[in-house]
Amino acid sequence: MTETGEHRRHDLSVDQQLALRTSAVRLRESFDGVFGAETIERFLHSSYDRFAAHSTVPNYLPLLAERFARQRLQALARVEGHHQDGKPTVLFLCVHNAGRSQMALGFFRHLAGDAAVAWSGGSEPGYEINPSAVAAMAERGIDITGEFPKPWTDEIVRAADVVVTMGCGDACPVHPGKRYLDWTLDDPEGRDVADVRPVRDEIERRVRALLADLDVPIA
């Protein structure tokens, strides 16, 4: 298959097509010997389509798609046994992937370092990370502005050892053999920083307990 191959698209601008081709090259370099070009481009373009319908910043979409496709391919590599590092993998899920799950992800990565893997997702992903959640986490020295609301996908759920749900109810995916934890937490949406701090602190407490349960040392 050629670089553009079956994924030549006429619904994108020339700049967006070029950006996606560049993203595909980077992903092929990262997953060389693991996945073929067709699989990589399929994941890249399907990731693009997941964000395109509601994005307000189209020029940023190729990079967003690349980051999400990379995460999905990493998950698929774990599911298919191409990547076996023995690290516990945790998925944090809420409704909008803009507040609770992002704070949990921030604490988990900050505390676990490279000793464990964590992802997050939402049943109805929002448009941006909750500003109050960002501010509350910044007070603890954790920057979550580099993250973005995103959906979960089948390969990401299948790759997780532990799935932590936070208010997504029946919309949360259920896969046999997975360990599920349901954390009842107030939704930060529409709240100011003062109201989010107690939620943040409770999330930190639960993340620390989860890491201890997984025998992951605090970095």
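As the structure is a prediction and not an experimental result, all values here were calculated from the model.

Novice: How do you make sense of the sheet that holds strand β4 (residues 179-182) when you look at a structure like this?
Specialist: Strand pairing in a sheet relies on backbone hydrogen bonds, with the paired strands running either antiparallel or parallel. Across the sheet, four strands lie side by side as β2-β1-β3-β4; this open sheet has parallel pairing. Edge positions in the sheet fall to β2 (117-122) and β4, since each of these pairs with one other strand and no more. Along the sheet, successive strands turn relative to each other by an average axial angle of 20 degrees, direction set aside. Across six bridges, the pairing between strand β1 (residues 89-94) and β2 is parallel. Along β2, the bridge assignment pairs Val90 with Ala118.

Novice: Just to check I follow, could you spell out the packing of aromatic side chains for this structure?
Specialist: In this description, an aromatic ring pair is defined by two values, namely the gap between the centres and the angle between the planes. In this structure the tally under the stated criterion is five aromatic pairs. Where Phe51 meets Phe148, the ring centres are 5.8 Å apart and the plane angle is 65 degrees; that geometry is what we call edge-to-face. One end of the pair, Phe51, is in helix α2 (residues 37-52); the other, Phe148, is in the loop between α5 (131-138) and α6 (154-159), and 97 residues separate them in sequence. The same class applies to Phe51 and to Phe148, which are both buried. Cluster of aromatic residues (ring-pair linked, three or more members): Phe51, Phe68 and Phe148. Here the basic side chain of Lys150 rests over the ring of Phe148, its NZ or CZ set 4.8 Å away from the ring centre.

Cut-offs and rules
- Residues numbered from 1 in each chain as written.
- Predicted model: local features only at pLDDT ≥ 70, side-chain atom pairs only at ≥ 80, totals over all residues.
- Heavy atoms only, no water.
- Pairing = 2+ DSSP bridges.
- Helix = DSSP H or I, 4+ residues; strand = E, 2+ residues; numbered from the N terminus.
- Axes fitted to C-alpha atoms, helices over the stretch in contact; angles between N-to-C directions.
- Phe/Tyr/Trp six-rings, centres within 6.5 Å; stacked < 30°, edge-to-face > 60°.
- Buried < 20%, exposed > 50% of the residue type's maximum accessible area, 1.4 Å probe, protein only.
- Lys NZ or Arg CZ within 6 Å of the ring centre and 35° of its normal.

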